[in-house]
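Next come the chains, spelled out residue by residue.
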Amino acid sequence: QVQLVESGGGLVQAGGSLRLSCAASGRGFSSFVMGWFRQAPGKDLDLVAAISWSGADRHYADSVKGRFTIDRDNDKRTVYLQMNNLDPEDTAVYFCAADRIGWPIRTSKNNYDYWGQGTQVTVSS
């Protein structure tokens, strides 16, 4: 069984930065696609960014391209989401998720097998 634990959320002013981390326990991390999803109140759970098992491929939602960067450290079993130039529209609960199929990156939340508990990101104007 794989467990995912997010950290790094919080309150930040518009234009600021946050770095989310997701630490994994259990087998298989280095072979998984890892993704970050977010859900704002009253809205769907959407993929923000994803990274293939090797880190060679990355996918970003259009709304975060150029501002967010996903990265991973397989030795540390950790995936990161660096968020820069944050906007109030980025306010949401952010979830880390793992897809056991390591490549290609799949964007539907239904393809992800393991989920963290979520971390709140609030961006004030």
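Quick caveat: nothing in here was measured; it's all calculated off a predicted structure.

Q: How do you make sense of the overall build of the chain when you look at a structure like this?
A: Looking only at helices and strands, one finds zero helices and eleven strands in the chain. Going from the N terminus to the C terminus, the chain shows its helices and strands as β-β-β-β-β-β-β-β-β-β-β. Radius of gyration (C-alpha) of the chain: 13 Å, near the 14 Å computed for a compact globule of 125 residues. Within the chain, the proportion of its 125 residues that are buried is 46%. Sequence-distant contacts, at least 24 apart, represent 60% of the contacts inside the chain between residues at least 6 apart.

Q: Would you mind going over the pairing of strand β9 (residues 92-99) with me for this structure?
A: It is a general feature of regular strands that their side chains alternate between the two faces of the sheet. Across the eight residues of β9, seven count as buried, placing the element largely inside the fold. Alignment of β9 against strand β11 (residues 119-124), held across three bridges, turns out to be antiparallel. In the strand pairing of β11, Ala92 is matched with Val121. Direction of pairing for β9 relative to strand β10 (residues 114-115): antiparallel, over a ladder of two bridges. Opposite Ala97, over in β10, you have Trp115 as the bridge partner.

Q: How should I be thinking about the sheet that holds strand β1 (residues 3-7) in this particular structure?
A: Hydrogen bonding along the main chain pairs the strands of a sheet, whether they run parallel or antiparallel. One open sheet holds the four strands; their spatial order is β1-β3-β8-β7, and the pairing between them is antiparallel. The open sheet has two free edges, formed respectively by β1 and β7 (68-73), since each of these has just one partner strand. Between one strand and the next, the sheet's axes are offset by a mean angle of 15°, whatever the strand orientation. The pairing of β7 with strand β8 (residues 78-83) spans six bridges and is antiparallel. Bridging from a neighbouring strand, Arg72 pairs with Val79 of β8.

Q: When you look at the state of the cysteines in this model, what are you seeing that I'm missing?
A: Should the sulfur atoms of two cysteines be covalently bonded, the bond is a disulfide. Scanning all chains against the criterion turns up one disulfide. Residue pairing for Cys22: its cysteine sulfur links by disulfide to Cys96, the two sulfurs lying 2.1 Å apart. With the S-S dihedral at roughly -75°, the linkage between Cys22 and Cys96 falls on the left-handed side. Within this pair, whereas Cys22 is found in strand β3 (residues 18-25), its partner Cys96 is found in strand β9, the two being separated by 74 residues in sequence. Assessed through its relative accessible area of 0%, Cys22 is described here as buried.

About the cut-offs
- Residues numbered from 1 in each chain as written.
- Predicted model: local features only at pLDDT ≥ 70, side-chain atom pairs only at ≥ 80, totals over all residues.
- Heavy atoms only, no water.
- Helix = DSSP H or I, 4+ residues; strand = E, 2+ residues; numbered from the N terminus.
- Rg over C-alpha atoms; globule rule 2.2 N^0.38 Å.
- Buried < 20%, exposed > 50% of the residue type's maximum accessible area, 1.4 Å probe, protein only.
- Contact = heavy atoms within 4.5 Å.
- Pairing = 2+ DSSP bridges.
- Axes fitted to C-alpha atoms, helices over the stretch in contact; angles between N-to-C directions.
- Disulfide = S-S within 2.5 Å.

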